[in-house]
Amino acid sequence: MILNVNGSRHEVQEGTRTLLEVLRDDLGLVGTKEGCGVGMCGACTVLVDGRPISGCLILAEQVVGKEILTVEGLEKNGQLHPIQQAFIDERAFQCAYCTPGFILSTAALLNENPNPSEDEIREYLSGNLCRCGSYQNILKAVLRAHQRV
Amino acid sequence: MIGESVPMLDSLARVTGTLDYMINLRLPNMLVGKIVRSQSPHAKLLKVDITNALQVPGVIAILTGADLGANAFYGAGIKDQGVVAVDRVRYVGEPIAAIAAESLDAAEEAELLIDIEYDELPAVFDAQAAIQAGAPTLHEKFPNNIFKHAKLRHGDLDVAFAEADEIFEDTFTSPPAQQASLEPHVSAAQWDGERLTIWTASQAPFMVRKTLSEIFGIAPEAVRVIVPPLGGGYGGKGHIRIEPLAAAMARKTNGRPVKFALSRAEEFVTVTKHAASITLKTGVKRDGTFTARQVTLYWNGGAYADASPLLVPAGMVRSVGPYRIPAVHVDSYGIYTNLPPAGAYRGAMSSQTTWAYESQMDIIARKMGWDPLEFRMKNLFVSGDRFATGEELRDVHFVECLEASAKGLGAPSSPALLPEGEGKRGRGYGVMMKSTVATSKSQARLKLTDDGMVTLFTSTVEMGQGGHTTMAQITAEALGVPLSAIKIIGPDTAITPFDSTTSASRSTSMMGNAVVAACGSMRKKLFELSAPLLETPPDQLRTKNGFVVANETSISFGDILKRNNLNELNEAGEYSTSLGLDPETGQGVSTPHWHQGAGAAEVKVDTETGRVTILRYSAASFAGRVVNPRMAQLQNDGNVIFGLGPALMEEIVFDGGQPTNPNLADYSIPSIRDIPVELTSICIESDEGEMHGIGEMTLPPVAPAIANAIEDAIGVRIKDLPITAEKILRALREKSQP
Ligand code: FES
Ligand code: FES
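Just so it is clear, the model here is predicted, and its values are computed rather than measured.

A.B. asks: I would appreciate a short explanation of the packing of aromatic side chains in the present structure.
C.D. replies: The geometry of an aromatic ring pair is captured by the separation of the ring centres together with the interplanar angle, meaning the angle of the planes. Residue and element names in this part refer to chain B. This model, assessed by the stated rule, comprises 17 aromatic pairs over all chains. Look at Phe142 and Tyr336: their rings are 5.9 Å apart centre to centre, the planes differ by 65°, and that puts the pair in the edge-to-face class. One end of the pair, Phe142, is in the loop between helix 4 (127–130) and strand 9 (146–154); the other, Tyr336, is in strand 18 (residues 327–336), with 194 residues separating them in the sequence. Owing to a relative accessible area of 16%, Phe142 belongs among the buried residues under this scheme. In this structure Tyr336 comes out as buried when scored by relative accessible area, which is 0%. Feature note: the residues Phe290, Tyr323, Trp370 and Phe375 constitute an aromatic cluster, connected by ring pairs. The residue whose ring lies beneath Lys281 is Phe161, and the NZ or CZ to ring-centre distance is 4.5 Å. Above the face of the Phe457 ring, Arg445 is positioned so that its terminal group lies 4.0 Å from the ring centre.

Here's what the structure looks like:
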C-alpha cells in the first residue's frame, strides 16, 4: 500500500501494523516517539489531513490516501518551522522526548484556531504529556508561535 | 559564559526530532530482545523448559537461569539480584528468561511456548508486615527481611523529650510510584570475543561497566559503555537495570547485537519509588523551639536490595529536616517485600521524608497556635549551625528560600471564603534539606587542537537537564574560549574518563569542578608555551576568547600550538569528595553541600467534590551560582510540576503483587491542565559562588505545601499520599461527624 508522508509517496508492506510502527521501523522517521502505546501521552502525535492523531492507536492501512505530516516534514528549505523556533526561543523542552508530539499538536491547534487563549491551549495540549515538566515554557512557546505563524 | 541563558547546545536536534536516543539505535544484524517475566510474586521455579520455544523460526537464542555463572548477581552493596531468576522468583515481573529473535513477532510466539512451572510460596507486600514474626522470608541471609538498618544517634533523646512541653507523634505514608520517563529503559549489547559493548539509557555508565565486568569476569576496560542522550531519567535509570540481562543474552548470539526496549507495562515492574511509612515523634517547647525528634522510617525496597543499601542511609540523613533540634535519633529500615525493586525517584527519599517533616511542622504550629511560616523561620538552620550528624552547615540559605517562596505568592490573604460554590482557599509552605552523594569522583579531559577547537570528554549523561550545555559554559568561562569552539563527547567509557553517576544533582558541582581543574591545567600549559612567543612571563598572561593575552599582544590558542609544532594538547582534571558517617551513630559528614529548596502553595478546595486546584505556586532553590538562568528556572518549574504527580495523583496499585494500573491511562502523571494557574520560581545565589546542581530542589516541598494549604483552607489533614479528592471528602466527612 502507499502512504503519503511529508509530501512524498512511500510504498509500505500491507499488514495490521500501527502507523507509528510503520513510520519508525519502515520509513525510518524516528522523530515520532512512543511513550505509552495507548493514546495517553501524545509522544506519537502526527497530523493526518491536518488533524492530530496518535500514531500508536491508528493502523497504517487506515490512513492510506491521506496526507500524513511528521516532525520531519516541518522544516521548509532548511528553515525551522516557526513553532520549532518558538520552542527553542522559549526553552520549551528538556529531554525533548515529548517535543515532536507537542510541536505537531501545536501546529494543528494553530491551524484550527490561529489566536488561541491560554485556556484553549491548555485544553488542546492536555493529551500531550511532558514528564520533565516543561509545560510552562510550552505555553509560552505556543503563544509566541501564534504571533509568527 | 557562566550566567548566560544560552539554549541547549543540541536544541536543533531536539525540535526536529533527530536527537539520537537509545530507542533509535539500529546496528547491523541486530536482534530484538524480549524478557519473559514471572507471573507469581513468590515461588520456587520447578521448571523452565525452552525446548519448544527454540523451535520457533527466527528465534536465535534463549537465556535462562541455567546459563548463569556463580557471579551473575548484582546490587549496590548487596548482590542479591540474578541476571535472570535462577531457582526462585520474588516479584511479579521478575525476569525468568530472555529471548533473542529476528523479530518481535517471533520472540512473542516463543514466549508463549516456554513452559514455566511454579511452586507458590507465601508472599508479603507491605514493609511493616514483612518484618513481623512469621512473615515469609525473601532472602535467607536476612531472615527478618530487614536488609539495611541505618542509625543516627545525636543527643540524649529521653532527657530531651522530658524537656518538651508538648510531644507530637504522626505517621506519614507514600505509596510506590513510577519514575515514568517517557523514554523507557533501552539497552543493546554485543560481544566481540571477550569484549563487550553495551549501549544503554543509563545515568551511571561507569557503574554499568563495573557491574558487567564483575558478572562476566572480564577487565573493566573490556566493557565499553556508550550512553546516548536520555529521554528522561529521574533516578529510574540511576542504577543497574536491564544491562546485565542484555549482555548475558548477547553472549549467546554469536556476536550479533541484541536490543531490549521495555514496554510501558514492563517499566512499572522494573523500578519504583520506595513506598514509605515514616513516623516522626517531635518534642517542642512553648517558646517555639524544638527539644527532640525521633524518626522511624520503613522503606519498602521490593524483592531485591538494588540501590537501597545506599538510599536507605541517605533517607536517614534526609529525614531530619532543616531545623535546629538538639537531640535526634533516626532508624531507617530497608525491607524486602514481594514487589518490584525500588530505586531513586527524582528528589530521592526526600520526596517521602519532606512530606513527613513538613506536614508535621504545620500540625505542630496549628496545635500550638503559631503561624506556620514564623514557626519555620524561627527554627530554620543558618550557616554555622550544626546538623544532627555533627557537621557544621555552611552556605545554607533555607531562610532566603522560604522567604522568596512566600513572597512569590503575593500579599498574604487569610483563608477567605470564596463566593458560594467556589470552594475555599488556603496557603501552605514546605522547605527541603537534602544531602547529595558523600563520596564520589568526576574526571574530565580536554583536547585542544591547532584549529583552536576544544573537545571536552565527559561521562556526564545528558538527560534533558542540560548537563552538556552546562559543562560547555563552564569550559568556555574557565578556559576563555567562545562557546562555539567547544564540542562535547560522551559518555563512552572507551574514550571519556571516569564519573561516578549523573544523579543526586551532583554534576554541576562535581563534574563542573573537574572541568574547571582541566581548564586550569590547559591554561597553565598554554601560558608556558606562549610566554616565549609573547615575551611575557606566564604569570602575567590571561586567556580571552580563544587567545592568550599579554599586555600589548595576544596569540590564538591554535597559533600557540602551531608555533610549537603541536597538533593537539590534552589535559585532564579531577574532583572528588570522600565523606561519610559512622555506621553506628550516624555522626560525621554526610554531604559536600546541601540541597536547599522551598515552596509556597495557594490552593482552592471544592468541598463538594474534594477537588484541589493549585491557584498559585511559588518555588525557590539555592543554586550557589547559576550557570544558565533560564535552564535553571526550567529545572525549578519542572520539579514543581513533576512534584504534583506524587502529591496529587501517582500511586502504583498492587493486588497480590500484580500491578493493576501499569499504563499511562490508569496511572496519571501531570498534564498541562494540572499545572498551577500561576507558577513562579527563582534560584537563589550566594557570594561564595559555588555552583550547585538544582535538579530536585523544588520537588519535595510540593506535596507538604499543598497538604498544608489544604488544611489551611478546610481544616483537614491528609497524611497519606497521594492527596486525592476521595481522601479529602472522607476527611471532611469524618470531621463533620462528632
Ligand atoms: S505513544 Fe501514542 S499516545 Fe502515547
Ligand atoms: S521534555 Fe522530557 S518529556 Fe517533555
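A.B. asks: Hey, could you run me through the interface of chain B and chain A in this one?
C.D. replies: Frequently, the measure chosen for interface size is the accessible area that the parts lose on association. In this complex, chain B contributes 50 residues to the contact, which on the side of chain A involves 42 residues. Taken over both partners, the interface formed by chain B and chain A buries close to 4000 Å², and the fraction arising from carbon and sulfur atoms is 59%. When the buried area of chain B at its contact with chain A is split by residue, Val15(B), Leu182(B) and Ile672(B) rank highest and sum to 20% of it. The tally of links between chain B and chain A comes to three salt bridges. For the salt bridge of Glu90(A) with Arg630(B), the shortest nitrogen-to-oxygen distance reads 3.6 Å. On inspection of chain B and its partner chain A, the count reaches 23 residue pairs in polar contact (both at pLDDT 80 or more). Residue composition of the side of chain B that touches chain A, by class: 27 nonpolar, 14 polar and nine charged.

A.B. asks: Sorry, what's going on with the domain arrangement of chain A here?
C.D. replies: All names here are of chain A. Along its sequence, chain A is carved into domain 1 (2–70) and domain 2 (82–148). The C-alpha centroid of domain 2 is placed 20 Å from the C-alpha centroid of domain 1. Counting residues at the interface gives 14 residues for domain 1, matched by twelve residues for domain 2. Both sides of the domain 1 and domain 2 interface together cover about 990 Å² of buried area, and 61% of this is carbon and sulfur. Across the domain 1-domain 2 interface, the total number found is three residue pairs in polar contact (both at pLDDT 80 or more). Tallying contributions element by element places strand 3 (residues 45–48) first for the side of domain 1 that touches domain 2, with three residues.

A.B. asks: Mind showing me how you'd approach the sheet that holds strand 11 (residues 186–192) of chain B here?
C.D. replies: Residue and element names in this part refer to chain B. Judged by pairing direction, the sheet is mixed, and its seven strands sit side by side in the order 3-7-1-14-11-12-13 without closing on themselves. Lying at the two open borders of the sheet, with one neighbouring strand each, are strand 3 (59–64) and strand 13 (223–226). Mean inter-strand twist for the sheet, computed between neighbouring axes without regard to direction, equals 20°. The sheet contact formed by strand 1 (residues 31–37) and strand 14 (residues 258–261) spans two bridges and is parallel. Bridge pairing in strand 14 links Leu31 to Val258. Helix-sheet contacts for helix 3 (residues 104–113) involve strand 1, strand 3 and strand 7 (95–101), and the interaxial angle to strand 1 is about 25°. Sheet strands in contact with helix 6 (residues 205–216) are strand 11, strand 12 (195–200) and strand 13, and its direction is about 150° off that of strand 13.

Definitions and cut-offs
Residues numbered from 1 in each chain as written. Chains lettered and ligands numbered in written order. Predicted model: local features only at pLDDT ≥ 70, side-chain atom pairs only at ≥ 80, totals over all residues. Heavy atoms only, no water. Phe/Tyr/Trp six-rings, centres within 6.5 Å; stacked < 30°, edge-to-face > 60°. Helix = DSSP H or I, 4+ residues; strand = E, 2+ residues; numbered from the N terminus. Buried < 20%, exposed > 50% of the residue type's maximum accessible area, 1.4 Å probe, protein only. Lys NZ or Arg CZ within 6 Å of the ring centre and 35° of its normal. Contact = heavy atoms within 4.5 Å. Buried area = accessible area lost by both parts, 1.4 Å probe. Salt bridge = Lys/Arg side-chain N within 4 Å of Asp/Glu carboxyl O. Polar contact = N/O pair within 3.5 Å; in protein donor to acceptor, adjacent residues only side chain to side chain. Nonpolar A, V, L, I, M, F, W, Y, C, P; charged D, E, K, R; others polar. Domains from an automatic or database assignment. Pairing = 2+ DSSP bridges. Axes fitted to C-alpha atoms, helices over the stretch in contact; angles between N-to-C directions.

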